[in-house]
Structure formats: structure tokens, C-alpha cells
Amino acid sequence: MCAIVGVYGAENAAQIAYYALFAMQHRGQESSGISSADGKEIHLIKKRGLVTEVFKQEDLDLLKGSCAIGHNRYSTAGKDSVLDAQPVYAKYKLGAISVAHNGNLTNKYKVRDELIEKGAIFQTDMDTENIVHLIAKSEKNKLKARIISMLNKIEGAYCLAIQSRSKMFVIRDRFGIRPLSLGKLKDGGYIVASETCAFDLVGAEFIRNVKPGEMLIFEKGKEPTSKMLFEPDPHICAFEYIYFARPDSIIDGKTVYNTRLEMGKQLAKETPADVDLVLPVPDSGVAAAKGYANGMGVPFEMGIVRNHYVGRTFIEPSQKIRDLKVKLKLSPIKDMIAGKRVAIVDDSLVRGTTSKQIVRMLKEAGATEVHMRIASPEIKYPCRYGIDTATKEELISSHKTPKEIAKYIGADSLGFLSIEGLKKSLGDERKYSLVSFDGNYFAGGNADSPGCSCY
Ligand code: AMP
């Protein structure tokens, strides 16, 4: 998960990076950071909190220079988030560098153990620190060559923005698992960002996607140059389309909202329900529920209202009043639901907690039947490429059939989209990372490898 941005050749680079991170807040809410380079020095500000909490105007004024890279971090439990904030900055033989990383390295522990064996010290548990160490330890005498030697030692999913005092390097792994696009700024300069919704906010024009296996090099007074480092084998992550990306983003040529509509339509073909109303779980299930309702010709209604102001700062309800947790966020429109047979659509089912609470909420609101529909396949395997989908034991579909889950969540029926149906909705012409559904760990790692700290 997480978001990265890189801005090069712009007068107010840090300001642009700030707005881009704001547009990509959905990709990570735990911490945010920007480092800027002015040719002589790298300046860095990173803190715990949302983008608007981390940066004040006076901070952005300190982030001088025409190059800036930034990062939003996705929250994972039990981490010291101040230390784990990015970009990661370090001084080394050639000067200073700063690194922002989205993805997850599958050989993190092997590389880290080797580095520690040779005396390296680490400040955090992040795989991004491996990247900085490998660059610093390389014996090449140019940063570009050091980056390439580092890339030959890491495996897994990564989109990287690496900044020196005067240059910026942007790299996407050869599988292109996480999205990354290149845009041109109106007043001169370039921007790369995890999602195109960042371009829309800063008024940048989309140029193209960064290719899997490609490195882009930005240098003063030159147009960016491209170097293909690895044989591409594109497998864009299906979960970006299902849940993670913003609906208005275009990922590898496809608008996320439209793919969700298609998933809903396909779901209607595969597992229709005899109901009076289709409701979405807001906001994650909205587009898929619309597609599902359209596909069946049944009315679609926003029958559950979401409170958007439940922030991270809210005191967690105690076990005794745990029902409060879902009620804080979601509330049914009783008049609309009472006496009706409803289908409720969400994008995914992970542990089953959300579905269980929503089904109960709808029944209490007077629904006569509740049919749960999930616009993605059963999640049976933990992702090792940067989507935080818990451990295998926690994934309810890894040990229960849909019928058993329906019983557990109290639904009258439960239907998932098939893997084939998902591929059809996304377009059969290309390959996807479907690891959560089919357990194909094509980019390394496995279901039992140590848990993912998603960046
Ligand atoms: P669960 O309650 O564990 O079954 O989780 C399902 C809900 O979590 C759905 O409403 C999804 O939209 C949402 N969801 C799915 N994947 C993730 C993720 N990686 N991080 C946070 N929420 C997620």
C-alpha cells in the first residue's frame, strides 16, 4: 500500500508533492513525509499523522529546492510509526540520499541478516532501510550504478523514488505490481505518482505509466531519460482495482470506477439474488453495488449512511460496547430497509468482521432477508506484495466455505466473484497479481513467510 510522489524541475516542488500526497491520502494515513533537494542539501520533514496534520506552510517553506519526493504510509499494527515514516534519509560516501518506497520486498530478512552479519545497524523494521544500506555499501562510484547493483539484490514489489542532492531516480519493479505514472507539470517540470488522481489535483498532464522494469532518471537541464533494467513481466495488482485505489484514478490504462462497475455486473451474472433493493457498503462497495444492481435490473439505494468524521483519534470502543465501532461509522436508513429483501455489496471480505456487523445492522433495521455479495474472489492467501490482508489463519475464506461464512455472518446467502469473473472484469488481455485469491507467489515469498509490513 502507501503512496509515493516525486517532483522534478518545479519551482515549488515540495508544495506540489504536498498536494499530491493529499490526493493520495487514502493509500496511507499513518504518517507522511517529504524531502526536498536544492542542489546542495536534502531537507526532510516527516511525522505521524495525516498530510494536513504533518505539514504547515512554514514546513513547506523549509523544504526548498526544485526536486521533492514524498510518501504516505499505510498503518500496520504494532509499529513505531515515527521511526517508520518515510522518506528514509541517509548520508553516505557520495553525499546524501532519500528514498520513498511503495511495495514490499520478499527477501527482506535474508538481505537484512547478511547486512547485519557484516556490521550494518538498522533503526527500523522497514525493508526500505535495506535499500539505503545496499546503495551505501555498493563499491560503484556513481549513484546510478549503485542503485542498479542494489536493485539486483532485492526481490518483490517496489515502486521507488530516490533523490540525491541534484538528481531523482524512479523505478518500478519488473512485474509492475504497484501502480506508478509519469506526468508533466503545467509550469515546467515532471511528476511521478502512485495514482493519477494526484495529477488531477496539481493540474499535471498524464504522459504515461512508468514501465515495469524501467528506471527514469531526472537531471538538471535535461529531459528525463529512460533505462530498461529488467525484462518486464507485467502483473498489476488486482486489489488496486478492487479496493485500494481511488475510483477516479486510471491505473495502467483503466479507470478504477469502471472496473468496479464491471466486477459488480459480472457478480450479478454469477450470483444473482432475488431481492427488492441493492445496497452498497459505503464507500468501498459503492461502484460494485451499482454494477450489481444494474446487472440485475434491481433498484440501487444508498441505504447505509457513512460518517466520514470518524478519525484515527477516536478512542477505540471497549469490547463491551464493540457494536459501537460499526455504528460510529455506518448507520442504516430504517424506512428504506424495513420489510425489504436486500442484497448488500462490499468489495472484499477479509476476516468477516465488517460483514457480520453489517448483516446484523440490516436485520435490526427490519430487512426480511439479507444477501451478502462480495465483488472479489475468496481471499485465501496473505499478500506478500504490499496489500495488508492479515495472516492465513485470520483470513476466514482460508478455512471456511462460503456456506459456512454465510452462517457465521448471519446472512441468508453469500456470493463471491469468481477468479475468472474478476479477470474478465479487469480485461482478459493481461496478467494480474491475484496472489490473495490463487496463492501464486510469482514474485517470491509464500503464505508462511514472515508477515507483511506494508509500505
Ligand atoms: P473484514 O471486516 O476483515 O472482512 O474486512 C473487509 C472490509 O475491509 C471491507 O469493507 C473492505 O473494503 C475492507 N478492506 C479490504 N482490504 C483491506 C485492507 N487491506 N485494509 C483495510 N481495509 C480493507
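Presented here is an overview of the structure given in this document. (Residues numbered from 1 in each chain as written. Predicted model: local features only at pLDDT ≥ 70, side-chain atom pairs only at ≥ 80, totals over all residues. Heavy atoms only, no water.)

## Side note on the sheet that holds strand S2 (residues 31-37)
Then step 1. Read from one edge to the other, the open sheet built from 7 strands follows the order S3-S2-S4-S1-S10-S9-S11, with strand pairing classed as antiparallel. Of all the strands in the sheet, the pair left with one neighbour each is strand S3 (42-48) and strand S11 (205-209). Across the sheet, the mean angle from the axis of one strand to that of its neighbour is 15°, orientation sign disregarded.
Then step 2. Sheet topology places strand S1 (residues 3-8) next to strand S4 (residues 67-73); 6 bridges connect them, and they run antiparallel. Within S4, the residue paired with Val5 across the bridge is Gly70.
Then step 3. In the packing of helix H1 (residues 13-23) onto the sheet, the strands contacted are S1, S2, S4 and strand S10 (190-193), and the crossing angle to S4 comes to about 25°. (Pairing = 2+ DSSP bridges. Helix = DSSP H or I, 4+ residues; strand = E, 2+ residues; numbered from the N terminus. Axes fitted to C-alpha atoms, helices over the stretch in contact; angles between N-to-C directions. Contact = heavy atoms within 4.5 Å.)

## What about the pattern of salt bridges?
Then step 1. Using the criterion set out here, one finds 21 salt bridges in the structure.
Then step 2. Arg73 is paired through a salt bridge with Glu30; the nearest N and O atoms lie 2.8 Å apart. Within this pair, whereas Arg73 is found in strand S4, its partner Glu30 is found in the loop between H1 and S2, the two being separated by 43 residues in sequence. Neither Arg73 nor Glu30 differs from the other in exposure class; each is buried. (Salt bridge = Lys/Arg side-chain N within 4 Å of Asp/Glu carboxyl O. Buried < 20%, exposed > 50% of the residue type's maximum accessible area, 1.4 Å probe, protein only.)

## Some remarks on a nonpolar patch on the surface
Then step 1. The grouping of Tyr19, Phe22 and Leu201 at the surface amounts to a nonpolar patch, some 290 Å² of accessible area in total.
Then step 2. Checked against the element boundaries, Tyr19 lands in helix H1.
Then step 3. Under the relative-accessibility criterion, Tyr19 is labelled partly exposed at 38%. (Patch = residues over 30% accessible without salt bridge, like charges linked within 9 Å, V, L, I, M, F, W, Y side chains within 5 Å. Areas by Shrake-Rupley, 256 points an atom, 1.4 Å probe, with all protein chains shown as cover.)

## Some remarks on the sheet that holds strand S7 (residues 156-163)
Sheet strands line up and pair through hydrogen bonds in the backbone, either parallel or antiparallel.
Then step 1. Judged by pairing direction, the sheet is antiparallel, and its 6 strands sit side by side in the order S5-S6-S7-S8-S12-S13 without closing on themselves. Across the chains shown, the open sheet's two edge strands, defined by having one partner strand only, are strand S5 (88-92) and strand S13 (225-228). Taken pair by pair, the neighbouring strands of this sheet meet at an average axis angle of 20°, ignoring direction.
Then step 2. Relative to S7, strand S6 (residues 95-105) runs antiparallel, the two being bridged by 8 bridges.

## Observations concerning the site of the ligand
Then step 1. Taken together, 15 residues are adjacent to the ligand, and Tyr74, Asp346, Asp347, Gly352 and Thr354 come closest.
Then step 2. Within the contact set of the ligand, an oxygen atom lies 2.5 Å away from a side-chain nitrogen or oxygen of Asp346.
Then step 3. Asp347 places a side-chain nitrogen or oxygen 2.4 Å from an oxygen atom of the ligand.
Then step 4. Burial of the ligand by the protein chains amounts to 85% of its free accessible area of 500 Å².
Then step 5. Sorting the residues of the shell around the ligand by element identifies helix H8 (238-244) and helix H13 (353-364) as the ones contributing at least two each. (Near = heavy atom within 4 Å. Polar contact = N/O pair within 3.5 Å; in protein donor to acceptor, adjacent residues only side chain to side chain.)

## Here we look at unusual backbone geometry
Then step 1. Between Gln86 and Pro87 the backbone carries a cis peptide bond, its omega angle lying at 0°.
Then step 2. Following Pro282, the chain continues to Asp283 via a peptide bond in cis, the omega torsion being -10°.
Then step 3. Summarising the element assignment, Asp283 is placed in the loop between strand S17 (277-280) and helix H10 (286-296).
Then step 4. One non-glycine residue, Asp252, adopts positive backbone phi at about 40°.
Then step 5. Along the chain, Asp252 turns up in the loop between strand S15 (250-251) and strand S16 (254-255).

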